[in-house]
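The residues making up each chain are set out below.
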Amino acid sequence: MSGLVTRRTVLAGGAAGLLAAPWVARAQANTLRIGMQSILSGPIALLGTSSRNSLLIEQDRINAAGGFLGRPIEFVFRDSKGQPQEAARITRELVNSTGCELLIDAEASSGSFAVQEVVRDLGTIACIHTNSETSSLTADPKIRAPTAFRVARQGVHDAVAGSIYLADYASAKKLNKWATCSPDYAYGRDTTAQYLQFFKQFKPDVEVITDAWPKLGQPDFTEVITKLIQAKPQALFTLLYAGDLSAFVNQGNVYALFSQMMVATPNVDYPVLAAIKNLPPGIQSATRYLETFPDTPANKEWGQAYLKRWNERPTNWSWQNSVAMHFYEEAIRKTNSLDAKALAAALAGMKINSPFGADGTITMRDDHTTVGYAIGWGQTTPKEPFIIDVKPADWGKIIELETEWKKQQKYI
Amino acid sequence: MKGHPALRDLAIAAIVLIVVLAVPAFHRSPAFEDFIIRLSAMALFASSLNLLVGNTGMVSFGHGMFYGFGAYAFALTMQMTELSLPVAAVLAVALTTFAALCVGAICVRLSTDYFAFITLAFQMLFFSIIISWQSLTGGDQGLRGGIPRREIFGFEIGSQLRLYQFCAVVAVLGLLALRHITTSPFGQTLRMIRDNENRASFLGVVLWRARLQAFTIAGAFAGIGGVLAALFVSGAYPELADWPNSGQAIFAVMLGGIDSFLGPVLGAMILLALNDVVTRFTEYYGLVLGLVILAFALGLRRGVLDFIRLARPGRAK
Amino acid sequence: MNLDALGACLATSACVVTQTTSGLIVGMLLFLVAAGVTLIFGVLKIVNFAHGTFYMLGGYVAYTALGATDSYTLAVLSGAFAMALFGVLFERLLISRVYGSNVLMQLLVCYAAVLIFDDVVKIVWGPEFHAMGMPPAFQVPPLFIAGGVVPPFYAVLIGIAALIAIVLGLGLSMTRLGKTVRAAAINPQMVSALGVNTTALFAIVFAIGGGLAGLAGALAAPVRSLSPGMGFSILIESFIVTVIGGMGSIAGALVAALVIGLVRGFGTIGFPQFTDGMIYIVMIVILLLRPQGLFGRRA
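Let us look at the structure shown here.

Thresholds applied
Residues numbered from 1 in each chain as written. Chains lettered and ligands numbered in written order. Predicted model: local features only at pLDDT ≥ 70, side-chain atom pairs only at ≥ 80, totals over all residues. Heavy atoms only, no water. Disulfide = S-S within 2.5 Å. Buried < 20%, exposed > 50% of the residue type's maximum accessible area, 1.4 Å probe, protein only. Pairing = 2+ DSSP bridges. Helix = DSSP H or I, 4+ residues; strand = E, 2+ residues; numbered from the N terminus. Axes fitted to C-alpha atoms, helices over the stretch in contact; angles between N-to-C directions. Contact = heavy atoms within 4.5 Å. Buried area = accessible area lost by both parts, 1.4 Å probe. Salt bridge = Lys/Arg side-chain N within 4 Å of Asp/Glu carboxyl O. Polar contact = N/O pair within 3.5 Å; in protein donor to acceptor, adjacent residues only side chain to side chain. Nonpolar A, V, L, I, M, F, W, Y, C, P; charged D, E, K, R; others polar. Core = buried A, V, L, I, M, F, W, Y, C linked by side-chain atoms within 4.5 Å. Domains from an automatic or database assignment. Phe/Tyr/Trp six-rings, centres within 6.5 Å; stacked < 30°, edge-to-face > 60°. Lys NZ or Arg CZ within 6 Å of the ring centre and 35° of its normal.

### Quick word on the state of the cysteines
Covalent bonding between the sulfur atoms of two cysteines is what defines a disulfide.
Phase 1: Scanning the entire structure with this criterion turns up one disulfide over all chains.
Phase 2: Here C:C9 is linked by a disulfide to C:C15, with a sulfur-sulfur distance of 1.9 Å. Its S-S torsion of approximately -90° makes the covalent link between C:C9 and C:C15 left-handed. Of the two residues examined, C:C9 and C:C15, each falls in the buried class.
Phase 3: Cysteine A:C100 remains unbridged, with the sulfur of A:C127 as its closest cysteine sulfur at 11 Å.
Phase 4: On the accessibility criterion, A:C100 (4% relative accessible area) is buried.
Phase 5: There is no disulfide at B:C107, and the cysteine sulfur nearest it, in B:C102, is 11 Å away.

Structure, rendered in structure tokens:
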């Protein structure tokens, strides 16, 4: 019934908005609307729903604390179905017709690039990308937009952190012969290349003896698994994720893959852990989101609150969206305004306290992307806390190598 | 019904165009303008498909290939050359036409179901080329970096209003041209092939040549739709060339009416409006769209315009 | 291209055995789905675009049944039978209304069903993916045959699928029902005129097709991920199989499914970047040279 009521209210609100003269509508609209768009349907709907869940918690928290500028906030959620042209349309609609005064762009990469162009075009709205990990979105000065920011992991940070960890691990265990198996599309290819580049820099004697590129969403990985087994590498690096990773692990178990080689992946997260029934111990993995890393009461409390409210554990996307709202909150408090240019000026260089920071803080750097968030690598175990012996990454090293990479790409 | 039909079409087109162009002078609504821009692309795409499906009886499952081809050809030309916008657009459409000619030459001899499947196979092949030829197309991430907005004769397409005017003009002219083709003797030949290919053959029509011409023309107009789509998203994305996009055009044709010239335009309108409204209220868009389609398919058993025409026999042809 | 690696693989029995098994398992599961598509097309002249949905639902039903009964056998059987029943309902309630309409009307109805059931799955089972987990009986180390790796679970699946292929083949050629089905594929009016209840026949064909797809989904559930929309890639692959094998030919579907499985199994070693493109090109070439497919009858 509540669904029906909200729908009616929204319909009525929409009709009123259409009929009333603009100034009347504005006077009534004390509520501050924040547009949020993501993939809420289809096979990777988890991207959107776990982001939305986290934002609804933020909405309650912020409103309980008096809202933004004394106005209660309300999210307007839209589903782009993962299509860039829909993403572009929705951004325009959220700003132009729905009257949203801030944007959270929780699209996957291709959608976020489409949103970026619209935000640049509009010029008068602040936007935070919360889910796109593709580095060039903010690293490439041609693509960066004046009022758009990113609060999310970033491919190049993960690659540096992972490579350092894996190089140490490989040296300790004398693993020189590696194989890779990543999804055959831009994320899989670019990020694998990035990892390998850094990996070889830290451990020059490493050798990749075979590579496999399954298609995204391919139902069966058997031929890929048997190919890997035949090549007899000592270790396997894979960027498969979500359902694909889960299928790969289940099918790998059939061939006892995990007893034949060490496996490393940055992508073991709670949904994967929940879905895989026979998780092999000892997979080297990054922590996308983990309640026990950083091992602080604040992080644990946030994870438990999420679990309690939604009856499932948060994802990597959940914390990113939560942090985006913290940045907005702090920037609005500082500038006392919603003006995009003022907010952008405040956000660049801002440092906030956060349960998800490596040292309890996260910084929004001048190039519109976050640094200092928790990155760690550890190994899987079938029981809680699922990933143990987590080693935090060295952010000094990450920034140093990121700068080098940016120079290589001619971004700076 | 009196007077010269071509003149009547011209008059209707002129009135529609004037009304659409006049709207922003009275009321600026970005949502409405976006809707018209998207409708322009979609209407051309769906109407071009109906030249094959409704007029010639050729069921293509892979028409989205040419929509995507037009979008990529245009966006790439704009990014890689210094050509002005109209030149790039004409070049993109010419390339798409050529691609349609090549694919058509291979496909048109096959009969109904096989034709549908081979066009689908070509589209899948084209899609997998876009995905794997990453250095050119950006792969699954699409062609990023925006389409440069070069001024043409002081007409700057960057602003929303200009894009709106441009798309409206192109769409109306394109539909008028398609209408002209449909009503021409060539269009009548195509309908004769649809209704009875043996008879057409006896009357001296070279079946494959007429079909290939129809396929090529349809590809060209889908390409124009693709150019408009690329302008709207300021880039090109593989989704434009993917199978579900062909499905959208098929839905538009079937929902609007296969035997009415404006059926696909109405169908495109219904689909876009449904999308814009439904996604506001629910993430179960597929469920709603599926039920609506079933209601049309099993309830009306034909598209809206066809249904109206049959329900009003006085005006039936 | 890495033809040296392919040559080296073909020269060792270990590699041949391992890659052949992996080709067989992919191919046989694909055959179960494609057999339904081709059977339905053969008899009813309907291109069932919703067939991937049967596969998906079969997997989900098995997932739930396993949770309820804790028995993999029961889970698989319930997946198959539920989809046989679903096939009948689908045919009676939806498909029977578009017999004789053009292929686009059929596409419209089937695709509507795909959209609806993808969302129904999301509502019932949630948007996140699930995995069924390997039944304890099969949590054993793989066998080694001539140096090649053969997992017992896959050996069993291949056996079941092969058994079904044989039963289906014998059933079509030996039994009265099978002969009626084959006759209906050639001349439905005549079969109807001879007093066969075609309504029941069509429902049975859909039950068999749906049941086989559900069975495939259920059998594969322990190793593949369940997610809304998972039927789509299976659907496209089974279309390719149907077209290559010849629309309406069960034997053709078997051969084509195995060919695709083996092209994947060995292609991943010889030309990993190009296996998909290869398969589309094979499909186009076959449509051009032999539109009725390898085993199809010329219309």
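What follows continues from the structure just given.
### Section: the sheet that holds strand β1 (residues 32-38) of chain A
Residues and elements named next belong to chain A.
Phase 1: Sheet architecture is open: five strands sit in the order β2-β1-β3-β4-β5, paired in parallel fashion. Edge positions in the sheet fall to β2 (73-79) and β5 (148-150), since each has one partner strand and no second. On average, each strand axis in the sheet is tilted by 20° relative to the strand beside it, whichever way the strands run.
Phase 2: Two strands pair when backbone bridges link them, and β1 and strand β3 (residues 102-106) are joined in this way by five bridges, in the parallel orientation. Its bridge partner lying in β3, M36 is registered against I104.
Phase 3: Against the sheet, helix α3 (residues 46-64) engages β1, β2 and β3, with an angle of about 170° to β2.

### Description of unusual backbone geometry
Keep in mind that most residues, glycine aside, have a negative phi and that most peptide bonds are trans.
Phase 1: A cis amide bond links A:F293 with the next residue in sequence, A:P294, at an omega value of -5°.
Phase 2: In this structure, the amide linkage connecting A:E384 to the following residue, A:P385, adopts the cis form with an omega of 5°.
Phase 3: One non-glycine residue, A:L69, lies in the positive phi region at around 55°.
Phase 4: Tracing the backbone through its elements, the reader meets A:L69 in the loop between α3 and β2.
Phase 5: On the basis of relative accessible area, A:L69 is assigned to the partly exposed category, the value being 36%.
Phase 6: Unusually for a residue other than glycine, C:K45 sits at a positive phi of about 55°.
Phase 7: Within the secondary structure layout, C:K45 lies in the loop between α2 (13-44) and α3 (51-69).
Phase 8: Under the relative-accessibility criterion, C:K45 is labelled partly exposed at 43%.

### Remarks on the interface of chain A and chain B
Phase 1: With 34 residues of chain A in contact, the opposing surface of chain B contributes 25 residues.
Phase 2: Surface buried jointly by chain A and chain B totals about 2700 Å² across both partners, of which 51% is contributed by carbon and sulfur atoms.
Phase 3: For chain A, the biggest contributors to the area lost against chain B are A:Q85, A:R89 and A:R92; these three give 22% of the whole.
Phase 4: Inspection of the region where chain A meets chain B yields three salt bridges.
Phase 5: We note a salt bridge from B:D34 to A:R92, for which the minimum N-O separation is 3.2 Å.
Phase 6: Here chain A is connected to chain B by four residue pairs in polar contact (both at pLDDT 80 or more).
Phase 7: For the side of chain A that touches chain B, the class distribution of residues is nine nonpolar, 11 polar and 14 charged.

### Section: the environment of C:L32
Residue and element names in this part refer to chain C.
Phase 1: Its place among the elements puts L32 in helix α2.
Phase 2: Remark: the alpha-carbon pair of L32 and G252, spanning 220 residues in sequence, is separated by 12 Å.
Phase 3: Among residues more than four places away in sequence, those in contact with L32 are A161, I164, L212, A213, L215, A216 and L219.

### Examining the interface of chain C and chain B
Phase 1: Each partner contributes to the interface: chain C provides 36 residues, whereas chain B provides 35 residues.
Phase 2: Ranking the residues of chain C by area buried against chain B places C:L104, C:L108 and C:I284 at the top, with a combined share of 18%.
Phase 3: The tally of links between chain C and chain B comes to zero salt bridges.
Phase 4: The interface formed by chain C and chain B contains two residue pairs in polar contact (both at pLDDT 80 or more).
Phase 5: Contributing elements (two or more residues each) for the side of chain C that touches chain B: α5 (103-125), α10 (231-245) and α12 (275-289) of chain C.
Phase 6: The element contributing the most residues to the side of chain C that touches chain B is α5(C), with 14 residues.

### Looking at the nonpolar core
Phase 1: Among the nonpolar cores identified, the biggest contains 323 residues, and A:W178, B:F61 and B:F74 are the most heavily contacted of them.
Phase 2: If you count residues domain by domain, this core takes at least three from each of domain 1 (31-153 + 313-371) and domain 2 (156-287 + 375-403) of chain A.
Phase 3: Residue contacts for B:F74: discarding those within four places in its chain leaves B:L85, B:A88, B:A89, B:A92, B:I147, B:V227, B:A230 and B:L231.
Phase 4: Core analysis: the next-biggest nonpolar cluster, separate from the first, contains 13 residues, A:I125, A:C127, A:A145 and A:A148 among them.

### A closer look at the sheet that holds strand β7 (residues 207-212) of chain A
Residues and elements named next belong to chain A.
Phase 1: As summarised here, the arrangement of the seven strands in space is β7-β6-β8-β9-β10-β14-β15, forming an open sheet in which the pairing is mixed. Each edge of the open sheet carries a strand with a single partner, namely β7 and β15 (387-392). Geometrically, the sheet is characterised by an average inter-axis angle of 25° between neighbouring strands, direction not taken into account.
Phase 2: Across three bridges, strand β10 (residues 284-286) lies against strand β14 (residues 376-380) in antiparallel orientation. Bridging from a neighbouring strand, S285 pairs with G378 of β14.
Phase 3: Each of β6 (177-181), β8 (235-238), β9 (262-265), β10, β14 and β15 is contacted by helix α7 (residues 155-173), which is oriented at about 50° to β14, the strand it contacts most.

### With respect to the packing of aromatic side chains
Phase 1: Enumeration according to the criterion identifies 38 aromatic pairs over all chains in this entry.
Phase 2: With a centroid separation of 6.0 Å and an interplanar angle of 45°, the aromatic rings of C:F153 and C:Y154 are classed as tilted.
Phase 3: Under the relative-accessibility criterion, C:F153 is labelled buried at 2%.
Phase 4: The exposure class assigned to C:Y154 is buried, which follows from its relative accessible area of 1%.
Phase 5: Each residue in the set A:Y270, A:Y289, A:W302, A:Y306, A:W319, A:F356, A:Y373, A:F386 and A:W395 is aromatic and connected to the rest through ring pairs, giving one cluster.
Phase 6: When the ring centre of B:W208 is taken as reference, the NZ or CZ atom of B:R109 above it lies at 5.0 Å.
Phase 7: Its guanidinium or amino end placed over the ring of C:F41, C:K45 lies 5.7 Å from that ring's centre, counting from NZ or CZ.

### A closer look at the pairing of strand β12 (residues 361-364) of chain A
Residues and elements named next belong to chain A.
Phase 1: As paired strands, strand β11 (residues 351-353) and β12 are joined by three bridges and run antiparallel to one another. Across the sheet, the residue bridging to K351 is T363, located in β12.
Phase 2: Direction of pairing for β12 relative to strand β13 (residues 370-371): antiparallel, over a ladder of two bridges. Looking at β13, one finds that T363 is bridged to V371.

### Some points on the side chain of A:H129
Residue and element names in this part refer to chain A.
Phase 1: Note that H129 resides in strand β4 (residues 126-129).
Phase 2: Taking the relative accessible area as the measure of exposure, H129 reaches 1% and is therefore buried.
Phase 3: Separated by 2.6 Å, the side chains of H129 and Q116 make a polar contact.
Phase 4: The residues touching H129, leaving out its near neighbours within four places in the chain, are D105, S112, V115, Q116, L137, A148, F149, R150 and V151.

### Considering the pattern of salt bridges
Once the charged atoms of two side chains with opposite charge are near each other, the side chains can pair.
Phase 1: In the structure shown here, the tally under the stated rule is 33 salt bridges over all chains.
Phase 2: The salt bridge involving A:R288 is made with A:E133; its shortest N-O contact spans 2.9 Å. Residue A:R288 is found in the loop between β10 and α13 (297-310), and its partner A:E133 is found in the loop between β4 and α6 (136-139); the two are separated by 155 residues along the sequence. The exposure classification of A:R288 matches that of A:E133, with both residues buried.
Phase 3: When the shortest N-O distance is used, the salt bridge between C:R264 and C:E237 registers 2.4 Å. Separated by 27 residues along the polypeptide, C:R264 in helix α11 (residues 250-270) and C:E237 in helix α10 bring together distant segments of the chain. Each of the two residues, C:R264 as well as C:E237, counts as buried.
Phase 4: The network of salt bridges with shared partners includes A:R78, A:K81, A:E86, A:R89, A:E93, B:R38 and B:D276.

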